[in-house]
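Descriptive structure summary
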Amino acid sequence: MNYRAPLRDMRFVLHELFDLTGHCQQLDNGLDRETIDGVLEQAARFAAAVVAPLNRNSDEQGCHLQDGKVTTPDGFPQAYAQYVEQGWASMTGPIAYGGQGLPQMLSASFHEMLMGASLSFRVYSGLTEGTVLALDRHGSAELKQRYLAPLVSGEWTGTMCLTEPQAGTDLALLRTRAQPQADGSYRLSGNKIFISGGEQDLSDNIIHLVLARLPDAPAGVKGISLFLVPKRLVNGDGSLAERNTLSCGALEHKMGIKGASTCVMNFDAATGWLVGEPNQGLACMFTMMNDARFQVGLQGLGIAEAAFQGGLAYARERLQSRSLSGPQAPDKPADPIIVHADVRRMLLTQKTLSEGCRMLAAYTARQLDLEHTSSAAKRRAALLIPIVKAFFTDCGQEVASLGVQLYGGHGFIREWGMEQLMRDSRITQLYEGTNGIQALDLIRRKLLGDAGQALNALIDDLLTDAAQATAHAQMAEQVAQQLQQWRALAESVLQACARDPEEIGAVSVDFLAYSAYTLLAALWLQAAQCASQALAAGTDETAFYQAKLHAAEFYQRRVLPRAAAHRQALLAGAGCLMGLPAADFAF
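Everything numeric in this text was worked out from a predicted model, so none of it was measured.

So, on to the pattern of salt bridges. Under the defined criterion, the tally for this structure stands at 26 salt bridges. Here arginine 243 and glutamate 199 are joined by a salt bridge, their closest N and O atoms 3.3 Å apart. Linking arginine 243 in strand β9 (residues 240–243) with glutamate 199 in the loop between β5 (186–196) and β6 (206–212), this pair joins segments that are 44 residues apart in sequence. Judged by its relative accessible area of 3%, glutamate 199 falls in the buried class.

Attention shifts here to the pairing of β9. Two strands pair when backbone bridges link them, and strand β8 (residues 232–234) and β9 are joined in this way by 2 bridges, in the antiparallel orientation. Counted as the bridge partner of valine 234 is leucine 240 from β9. Remark: 5 residues form the turn of the hairpin made by β8 and β9, two consecutive strands paired antiparallel; glycine 238 in that turn has positive phi of roughly 90°.

Residue pairs three or four apart in sequence face the same way in an α-helix, which turns once every 3.6 residues. In a regular helix each residue adds 1.5 Å, so 37 residues correspond to 54 Å; helix α9 (residues 281–317) covers 54 Å between its end C-alpha atoms and thus fits that length. At threonine 287, α9 shows its largest kink, close to 30°. Buried residues dominate α9, accounting for 31 of its 37 residues.

Turning our eyes to something else, we now look at a nonpolar patch on the surface. A cluster of nonpolar residues, Phe412, Ile413 and Trp416, forms a patch on the protein surface that exposes about 330 Å² of accessible area. A relative accessible area of 32% places tryptophan 416 in the partly exposed class.

Within the fold, valine 39 resides in helix α3 (residues 33–51). Spatially, the C-alpha atom of valine 39 lies 9.9 Å from that of tryptophan 88, the residues being 49 residues apart in sequence. Every residue in contact with valine 39, bar those within four places of it in the chain, is listed here: Trp88, Met91 and Leu106.

A separate point is helix α10 (residues 341–370). For α10, spanning 30 residues, the distance from its first C-alpha to its last is 43 Å, which sits close to the expected 44 Å at 1.5 Å a residue. Of all 30 residues in α10, 25 are buried; the element is thus mostly enclosed.

This next bit is on the packing of helix α1 (residues 7–17) against helix α6 (residues 104–117). The interhelical angle for the contact between α1 and α6, taken along N-to-C directions, is 160°, at an axis separation of 11 Å. One way to sum up the angle between α1 and α6 is to call them roughly antiparallel. The interaxial crossing formed by α1 with α6 has right-handed handedness. Packed against α1, whose contacting residues are Leu7, Met10 and Leu14, the element α6 presents Met105, Ser109, Glu112 and Met113 at the interface.

Scoring rules and cut-offs
- Residues numbered from 1 in each chain as written.
- Predicted model: local features only at pLDDT ≥ 70, side-chain atom pairs only at ≥ 80, totals over all residues.
- Heavy atoms only, no water.
- Salt bridge = Lys/Arg side-chain N within 4 Å of Asp/Glu carboxyl O.
- Helix = DSSP H or I, 4+ residues; strand = E, 2+ residues; numbered from the N terminus.
- Buried < 20%, exposed > 50% of the residue type's maximum accessible area, 1.4 Å probe, protein only.
- Pairing = 2+ DSSP bridges.
- Expected span 1.5 Å × (residues − 1).
- Bend = angle between axes of the 7 residues up to and from the residue.
- Patch = residues over 30% accessible without salt bridge, like charges linked within 9 Å, V, L, I, M, F, W, Y side chains within 5 Å.
- Areas by Shrake-Rupley, 256 points an atom, 1.4 Å probe, with all protein chains shown as cover.
- Contact = heavy atoms within 4.5 Å.
- Axes fitted to C-alpha atoms, helices over the stretch in contact; angles between N-to-C directions.
- Parallel < 35°, antiparallel > 145°, perpendicular 65-115°, else oblique.
- Left-handed = near helix turned anticlockwise from the far one by under 90°.

This is the structure we're talking about:
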């Protein structure tokens, strides 16, 4: 399998659908279309030529731990050095600390490319950007001065240390302790698990952001603080000093992303510094977690794109049987399998889910860019993040599974690469909060949190867009009805949750899926409108735009009906879920 960035579709989404150039003018960052396209082209070359060739071997070779040191797969250190040297690490970093300050709408496309080329490689750099965000927003002036510049450049990397053996999603059970010292520092002791990039051979220093409890901290999540704990201590002049008293105790043996080091980290009175206010660590960490959840959504999208590319290439080449309507390649012993209806069904499902998620990713990234100056954009981004994380990663798994099916028996064999995508994608539904947790977040914090105000504002805007899709009146009417049904369904959910708190968990997963399918329907309508306008104006890319129209129709007729099943399921209520006593789950 050879990954190639879907540049034409990315340009369609960024320029024709969402006017990235106008967005950059609004942000006043000086980027024009020529510069944007230049960045995308260079990014595509880096992903295809430097990162993608690492993927297969990283799965075969994995990471190794010896004498406390982790060795990453062959080629990773050299590729990461190029990643830093070429400035990719600093794309979104604050300009004051050497970053480029590029918009999320642009950087998200590059990050999708990295995910599709090699998810294991991207894991090492992904959390560094979140570390920068959290430190820039919540760190003291001294911590920013000492740590931000090398983090922004990628010279140092960052991690997020939350999970403990007894405390996964439930951080109230967290036990790691932080003891204050006379010089203003703290000594942290405890164990963390599932730490991505906790130890590696790519960077000279690793900056861990660690959740821990102060001695006088209140119980539960209200007693959690955030600390910066470097692998190596840093002198006043920025040079590296002795190693801190922390170590990698083990590497996890995993189903996928074997090229990414997933570490058990032991903190033995390690020196650290408080980030933000005492007992406000969870609020500080959410700055990092929201970025991480968006990035994990992009992981699902990247995997989906890679699986679609592999499936499409195979379907065009593999000869099996004849078309039901007669030979399509009479000069060959059989027809390529792309002529068969079931293969078309799988390919179009892959295509419409992947391209639909790319549209929603750009739309969400736009809100992330605007949230710094717009409270409305901040609320909308918060509403969309759990949908992006959960739905994109579910799609990644589905599209990868379809890829395996397209290859038939060869899809089950390692050398073809498709089964690796399916294994790699599975973790994305679990880490940074399982998809069930994302669904709970959508209901509890987002829908119930403001009684549906942010959701209704989003629906109003999407209805306005649908009304402008004059070239597709029938599709626009269907989307408008779907949006209005989404509004009514949200009201039903609000009422049910007020009657019975168990409804919160009972409806959450189906409501998130319904929301996502509806969002993609609205965006596919906008894509169809753009394609029709381009065709009406005259273009030498007729095939590209006709394919958009066909994909939009397929999505509305073949994929969107899934939403109705989710609606019916969630309206069934919590009784059928909660009525059976736990003791009666017999086997």
